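Close look at the chain arrangement
Read off the chains here:
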Amino acid sequence: MSTQTNAAVRNEQKQRIGIRTMVQVGMLSAIATVLMLFEIPLPFAPSFYEIDFSEVPVLIGCFTMGPLAGAAIEMVKILLNFLINGTVTAGVGEIANFLIGCALCVPAGLIYKRQGTRKGALIGMAVGTGMMVIVGCVINAYVLLPVYAKAFQMPLDALIGMGTAVNPNITGLSTFVIFAVAPFNLLKGVLVSVIVLAIYKKISPIFRMR
């Protein structure tokens, strides 16, 4: 087989891989968008903190196609949800949600890419969960809560008061973050990780089919 023929075959394979990746990103983004619509309230946090499992397809995408593909799935998911539900924060909330989602999935994908074993997946998801807790606390304290207070035309203390109503230990912004935001993101990271750990090996061959 000539060098030109080999190059043509390689280019064709790359094109097929690129098309397959785009299709898989689109499919996982659609699933994530649907999952984002189903939210579960939590007893330890105000009603505007509801957990969803839209990061499950994102994390699966990170593991099967790499962290960049996972970030793309997260972005498409946010954009689709924006088109479906609109925004009350002029896009600030959507950007914050993108960053928090990536804080979980991208580190997990990077670690799994270097160490593609069950242990690597566990380490990646643990690191990702920790990153999501940290990033989520910072963004909520300094971006999301002030933006939501302004969007709903209420003082920040009123939002904190909603936290106090479900947990008397919440008395200010710092305790709101400690007793509501941090447990929320920790629980979400753990639940998403458990689900992905349970289903990933069963469904990953589908994403590797040629």
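This one's a predicted model, so the numbers in the text were calculated from it and none came from an experiment. (Residues numbered from 1 in each chain as written. Predicted model: local features only at pLDDT ≥ 70, side-chain atom pairs only at ≥ 80, totals over all residues. Heavy atoms only, no water.)

**Describing the packing of aromatic side chains**
- This model, assessed by the stated rule, comprises eight aromatic pairs.
- Ring centres 6.2 Å apart and planes at 15° place the aromatic pair Tyr148 and Phe152 in the stacked group.
- The exposure class of Tyr148 is partly exposed, given its relative accessible area of 25%.
- Relative accessible area serves as the criterion here: at 46%, Phe152 is assigned to the partly exposed category.
- Taken together, the ring pairs connect Phe48, Tyr49, Phe176 and Phe184 into an aromatic cluster. (Phe/Tyr/Trp six-rings, centres within 6.5 Å; stacked < 30°, edge-to-face > 60°. Buried < 20%, exposed > 50% of the residue type's maximum accessible area, 1.4 Å probe, protein only.)

**As for the environment of Met162**
- With respect to the helices, strands and loops of the structure, Met162 is situated in helix H6 (residues 156–166).
- Sequence spacing of Met162 and Phe63 is 99 residues, and the spatial spacing of their C-alpha atoms is 38 Å.
- Beyond its immediate stretch of four places on either side in the chain, Met162 contacts Pro46, Ser47 and Phe48. (Helix = DSSP H or I, 4+ residues; strand = E, 2+ residues; numbered from the N terminus. Contact = heavy atoms within 4.5 Å.)

**Looking at a nonpolar patch on the surface**
- Side chains of Val34, Leu37, Phe38, Val76, Leu80, Phe82, Leu83 and Ile84 sit close together on the surface and give an oily, nonpolar patch of about 750 Å² of accessible area.
- Looking at which element gives the most residues to the nonpolar patch, the answer is helix H3 (residues 67–85), with five residues.
- As for its position among the elements, Val76 is in helix H3. (Patch = residues over 30% accessible without salt bridge, like charges linked within 9 Å, V, L, I, M, F, W, Y side chains within 5 Å. Areas by Shrake-Rupley, 256 points an atom, 1.4 Å probe, with all protein chains shown as cover. Salt bridge = Lys/Arg side-chain N within 4 Å of Asp/Glu carboxyl O.)

**What about the pattern of salt bridges?**
- Applying the stated criterion across every chain, the model contains four salt bridges.
- Among the ionic pairs, Lys188 bridges to Glu55, the shortest N-O distance being 2.9 Å. Within this pair, whereas Lys188 is found in helix H7 (residues 173–208), its partner Glu55 is found in helix H2 (residues 55–65), the two being separated by 133 residues in sequence. When sorted by exposure, Lys188 lands in the same class as Glu55, which is buried.
- In this structure, Lys77 and Glu74 form a salt bridge, with 2.9 Å as the shortest nitrogen-oxygen distance. Pair noted here: Lys77 and Glu74 are both in helix H3, with a separation of three residues, about one helical turn. Comparing Lys77 with Glu74, the two get one shared label, buried.
- Put simply, Asp52, Glu55, Glu74, Lys77 and Lys188 are held in one network by salt bridges that share partners.

**Looking at the nonpolar core**
- Counting residues in each nonpolar core, the largest one holds 24 residues, and the members touching the most others are Leu59, Phe63, Cys105, Met125, Val192, Val196 and Tyr200.
- When contributions to this core are tallied by element, the ones reaching two or more residues are helix H1 (3–36), H2, H3, helix H4 (92–114), helix H5 (118–151) and H7.
- Every residue in contact with Met125, bar those within four places of it in the chain, is listed here: Leu59, Phe63, Leu104, Ala108, Ser193, Val196 and Leu197.
- Core analysis: the next-biggest nonpolar cluster, separate from the first, contains 18 residues, Ala45, Ile160, Phe176 and Val181 among them. (Core = buried A, V, L, I, M, F, W, Y, C linked by side-chain atoms within 4.5 Å.)

**Here we look at unusual backbone geometry**
- Phi at Gln153 takes a positive value of approximately 55°, unusual for a residue other than glycine.
- With respect to the secondary-structure elements, Gln153 resides in the loop between H5 and H6.
- What makes Gln153 exposed here is its relative accessible area of 75%.

**A short note on the packing of H4 against H5**
- H5 packs onto H4 with a crossing angle of 165° between their chain directions and a minimal axis gap of 7 Å. In this view, H4 runs roughly antiparallel relative to H5, as classed from their interaxial angle. The way H4 lies across H5 gives a crossing that is right-handed. (Axes fitted to C-alpha atoms, helices over the stretch in contact; angles between N-to-C directions. Parallel < 35°, antiparallel > 145°, perpendicular 65-115°, else oblique. Left-handed = near helix turned anticlockwise from the far one by under 90°.)

**A look at the layout of surface pockets**
- For the largest pocket, the calculated volume is near 880 Å³.
- In terms of lining, the largest pocket is formed by 35 residues, of which the most central are Glu39, Phe48, Glu50, Asn97 and Tyr148.
- Those elements that provide at least two residues to the lining of the largest pocket are H3, H4, H5, H6 and H7.
- Split by residue class, the lining of the largest pocket holds 15 nonpolar, twelve polar and eight charged. (1 Å grid on protein atoms, 1.4 Å probe; cavity = no way out; pocket = protein on both sides within 12 Å on 5 of 7 lines; lining within 4 Å. Points joined across faces, edges and corners; volume = space filled by probe spheres on them. Nonpolar A, V, L, I, M, F, W, Y, C, P; charged D, E, K, R; others polar.)

**Describing H4**
- Between the first and last C-alpha of H4 there are 33 Å, a value that for 23 residues agrees with the 33 Å anticipated at 1.5 Å per step.
- Approximately 35° is the largest bend angle found in H4, and it occurs at Cys102. (Expected span 1.5 Å × (residues − 1). Bend = angle between axes of the 7 residues up to and from the residue.)

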